[in-house]
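# Coordinate analysis (summary)
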Amino acid sequence: MSTAGADAGVEGNETPTAQPATEAQRPADYQALGLTQTEFELIVEKLGHRPNDVELAMFSLLWSEHCAYKHSRKLLRRLPTEGRRVLMGPGENAGAVDIGNGYAVAFKVESHNHPSAVEPFQGAATGVGGILRDVFALGARPIAILDSLRFGELDSERSRFLLDGAVRGIGHYGNSIGVATVGGEIYFEGPYEHNCLVNAMCVGLARKDEMVRAAATGVGNAVVLIGASTGRDGIGGASVLASAELGAGDEAKRPSVQIGDPFEESKLLECCLELLGKALLVCLQDLGAAGLTSSAGEMAWAGGVGIEIDVARVPLREADMEPFEIMVSESQERMLAVVSPERLHEVLAVCEKWQTGAARIGILTANGRFRVLRGEEVLGEMPLAALVDGCPLYDLSPAQPDGWIYGNRATLAPGASGEETLLALLSSPSLSSKRWAFEQYDSLVGSRTVRRPEAADAAVLQIPEAGTAIAVSIDGNGRRVACDPRAGTIEAVLECVQNLACVGAAPLGLTNCLNFGNPEKPTPAWQLDQSIAGLAEACEALGVPVVGGNVSLYNEGPEGPIYPTPVVGIVGELPDPARSAPSAFAREGDAIAILGPFAPSLAGSELAKLRGELGMGLPQPDIAAVAAACSTVRRAVREGQLASAHDISEGGLACAIAESAIGGELGCRVDDLSPLLQRGCSGHEALFGEASGGFLLSGERSVLASLGAIVIGEVGGEELRIGQLSLSLAEAERAWRSLQACEEPRGAAGTLRG
Amino acid sequence: MIWGVLQFPGSCDQRDALHACGLAGEARLIWHEERDLSGVDAVVVPGGFSYGDYLRAGAIARFSPAMAAVAEFAAAGGPVLGICNGFQVLCEAGLLPGALLRNRDLRFLCRQVELVAQGADSPFTTGIEAGERLSLPAKHGEGRYFAPPALLEEIEAGAQVAFRYAAGENPNGSARDIAGVVNEAGNVLGLMPHPEHAVDRLSGSTDGLAIFQSAAGSLV
């Protein structure tokens, strides 16, 4: 959504002006760049002449799915984006909400899937680098990173290689730049085997009066490129990698993956924040997908001006780069600023202090056109209206599949006992503890982290300067979305809101990353359409505005599409971080209770997966009832009434109980499952079934009862006793911590520093 | 007292150190190009990745103008605390014995660890009894303390080991569980875990405060 143009655009003037450098594009040229024949003809029509190489390269990127959202933008219009606390919404570098006392929190999630599938270490590292730039581009200091990762099953060597590389890459970048990685999630499912997902979310803190929008204004103002020099890395990343399916020979695409340099970004970050703090910039935009082309084009279009870029002034890593390469390079750690000429020397002085590059490479004009120059020579000239906002938007041709299109092989014996089932669930890589991964991340730098990873259902960060605290969670279960894209997406939003409720936080705004297959095919189109409908429905019903996001399509391998995976990140606020409830049991003798409209079923559950019983369909979540339960829990947590609060999600009640017990190093005895049986559940559904709306709480019996929670047991002992099921805590913990013991292949590109 | 907290390009924990020092006096940042430490009573070299640390942790920072000033300050008996990357920088600068190698399992590790104070004679430990346990977070990829056997014997004999990881807590394979050492004079302390991240009840531990308060107390 970052690429959406503002409505203050300039009408395109369609008289031809540039001298086409080469005229005779064969279909192979534009098709190799990802354009269809119709799109190419439309470009010729809008331009008034056949595009030359520079123009064609620029159009092909800005008209790619990654930049133009041509298959998703119409659907995204359904999402509610307004809210009392919203300061910046979709169309800006990141969304931002007001947290009071003159401060704002900016946040966004973005994908770096295809680069990570080709080269996981650099792909994940630069994914983090890119989302950090989106956040500090609007003047916010990044204070937290969360990651949402998806890989194939862990018994695949490729998945272990990708997991290892991605985790190292995230750690390398986040640790080195000094931004805490405070949370995230990792799932392992067969459909991600070929096409892993790496989504990174960044949360930043800004003074409201220092924030800037991504709109270039002021004809005659200088365009300054700040940061690293420009090289040949990442040429065509947005079109070649991000907007096409993966397939054989992807190793050959490694040159399209960018290389990250967190030290360069660290200097760039401090430099940009100092520039914005001194009010020296008119606007600032990061260079991400499609490099200079998109950042210059989009900021000019958003501000209603024209822009000229002189490629001869761009500092290069290799002297012989072609102009089109300079315009589309995705070299990392670069920002584009608009500066009034009289402040230019002050800007350059700050860049000098931070030892970061700065070059005046262009100027804003009044003509609504994007001109590319090399000295005096005009290399290309395009109306911004055509380039940035002219790409046709497509309607999808969705069709619901006849049944379950993904494989599912049983891995749990049909007659498994309750104990065997619980151990199998706890040790399944998607459910087991992610300590192995998050211990590789600095979760503390910045001194804001009040609840560390796995200590509570959401990360909690204190913001003493604003007299408040925030909580963040990121969620999305692709398998359940595959079962029912609408209900599954609603569940993802509800789970995120439930996680926030457990620490006492109320949602302020939502960001999302929609990871789907090829939208030109009927099934992924249907999944995308239904999922966005569910996202809109949940956000409307809960009153949570969507302040930004990202769409990643064409996530397919030779075996077909990934699970449809909307990843939802929500930032909430809470008055007193000291009271945010842990997810672990805290005291021997506390009562254990469930609360909420929780009617679990095995449909789409982890157990159904282990049994090889996956199929279409999910129970329909009751959003209003879940919202009511969330507010009850939130209020109780804020009043300090609960010893622990935990959302019941994957693996059902039994796994939630095991997690709270293992975390607290306290056993428990849960005798009474009759409340769930009375809701129509079978014994196995009560233990392992999944659904929205369930909370597992512990505390004083009378307090829990006064909240309307149903007491089902008591904390204590060294055993997990749930109904007929009995396990030693140590055995349960061994199973849950098994991800730590996974074989650790050495990533080829992994470097590690301290 | 006034603390000076060094800031190199690539430093990460300087704001955290500034906050912690501010709880035991006043504190200001010292830019890496500054040579003047006048008015500063104690120096902290903070954590992070100074100058990117692509070559070897601390290898470039030791040549910075500010470090030249810190070396003079230390030679004159001024208290200097190096935390994590700061410890690495002080070792590279020759202000502390030994070196920090990559962690035993070659991965960055972020984990709360228990330390045991060893009774070293240093302004940073005057308020900490020998045998006292401190819970601090460690977070590093190159924190495995190493010194040749003869040097190890020497620093043990000179009571220069200030902190060890408690039994079973050594996260990185450090020789003899060493988490922190002082120089011969005791005024320079290097510590791999982060006391500045343990000064606030909300962060889980306030055990790090004693280190800053000790230095403040011993200068009064």
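Residues numbered from 1 in each chain as written. Chains lettered and ligands numbered in written order. Predicted model: local features only at pLDDT ≥ 70, side-chain atom pairs only at ≥ 80, totals over all residues.

### Examining the overall build of chain A
- Each helix and strand counted, chain A has 26 helices and 28 strands in total.
- For chain A, the spread of C-alpha atoms along the three principal axes comes to 80 × 55 × 45 Å.
- The 754 residues of chain A split such that 64% are buried.
- Contacts in chain A between residues at least 24 apart in sequence constitute 86% of all its contacts with a sequence separation of at least 6. (Helix = DSSP H or I, 4+ residues; strand = E, 2+ residues; numbered from the N terminus. Buried ≥ 20, exposed ≤ 12 C-beta atoms within 10 Å, placed from the backbone. Contact = placed C-beta atoms within 7 Å.)

### Examining the nonpolar core
Residues and elements named next belong to chain A.
- Ranked by size, the top nonpolar core spans 325 residues in total, and within it Ala-96, Val-105, Ala-144, Val-493, Val-503, Ile-657 and Ala-658 carry the most contacts.
- No other element matches helix α18 (residues 485-502), which puts ten residues into this core.
- Ignoring anything within four residues of it in the chain, the contact list for Val-105 reads Ala-96, Val-97, Ile-99, Val-203, Leu-205, Ile-470 and Val-571. (Core = buried A, V, L, I, M, F, W, Y, C linked by C-beta atoms within 7 Å.)

### A short note on the sheet that holds strand β3 (residues 42-45) of chain B
Residues and elements named next belong to chain B.
- The nine strands are arranged β2-β1-β3-β4-β11-β10-β9-β6-β7 in an open sheet whose pairing can be described as mixed. With one partner strand each, in any of the chains shown, β2 (26-31) and β7 (133-140) form the two edges of the open sheet. Strand-to-strand, the axes of this sheet are offset by a mean angle of 25°, without reference to chain direction.
- Across three bridges, β3 lies against strand β4 (residues 80-83) in parallel orientation. Bridged to Val-44 within β4 is Leu-81. (Pairing = 2+ DSSP bridges. Axes fitted to C-alpha atoms, helices over the stretch in contact; angles between N-to-C directions.)

### So, the pairing of strand β26 (residues 710-715) of chain A
Residues and elements named next belong to chain A.
- The pairing of strand β22 (residues 591-595) with β26 spans four bridges and is classified as antiparallel. Bridging from a neighbouring strand, Ile-594 pairs with Ile-710 of β26.
- Relative to β26, strand β24 (residues 668-670) runs antiparallel, the two sharing three bridges. Bridge pairing in β26 places Cys-668 opposite Val-715.

### Some remarks on the confidence of the model for chain A
Residue and element names in this part refer to chain A.
- Per-residue pLDDT for chain A has a mean of 91; in total, 92% of the residues score no lower than 70.
- Confidence drops under pLDDT 50 across residues 1-24; counting only partners more than four residues distant or on other chains, this segment forms 66 contacts.
- In this model, residues 745-754 is a region of pLDDT below 50 whose contacts with residues beyond four sequence positions or in other chains number 35 contacts. (pLDDT = per-residue confidence, 0-100.)

### A short note on the environment of Leu-720 of chain A
Residues and elements named next belong to chain A.
- With respect to the secondary-structure elements, Leu-720 resides in strand β27 (residues 719-722).
- What makes Leu-720 buried here is the crowd of 25 C-beta atoms within 10 Å.
- Expressed as a C-alpha distance, the spacing of Leu-720 and Ala-661, which sit 59 residues apart in the sequence, is 7.7 Å.

### Re the interface of chain B and chain A
- In this complex, chain B contributes 30 residues to the contact, which on the side of chain A involves 26 residues.
- If you list the elements that add at least two residues to the side of chain B that touches chain A, you get α1 (14-22), β6 (109-117) and β7 of chain B.
- Each residue belonging to the side of chain B that touches chain A can be placed in one class, and the counts come to twelve nonpolar, nine polar and nine charged. (Nonpolar A, V, L, I, M, F, W, Y, C, P; charged D, E, K, R; others polar.)

### Quick notes on unusual backbone geometry
- We note that Ala-279 of chain A has phi near 55°; this positive angle belongs to a residue other than glycine.
- At Asp-177 of chain B, a position not held by glycine, the phi torsion is positive, near 60°.
- Considering the arrangement of structural elements, one finds Asp-177 of chain B in the loop between β9 (161-165) and β10 (178-182).
- On the basis of neighbour counts, which here come to 18 C-beta atoms within 10 Å, the residue Asp-177 of chain B falls in the partly exposed class.

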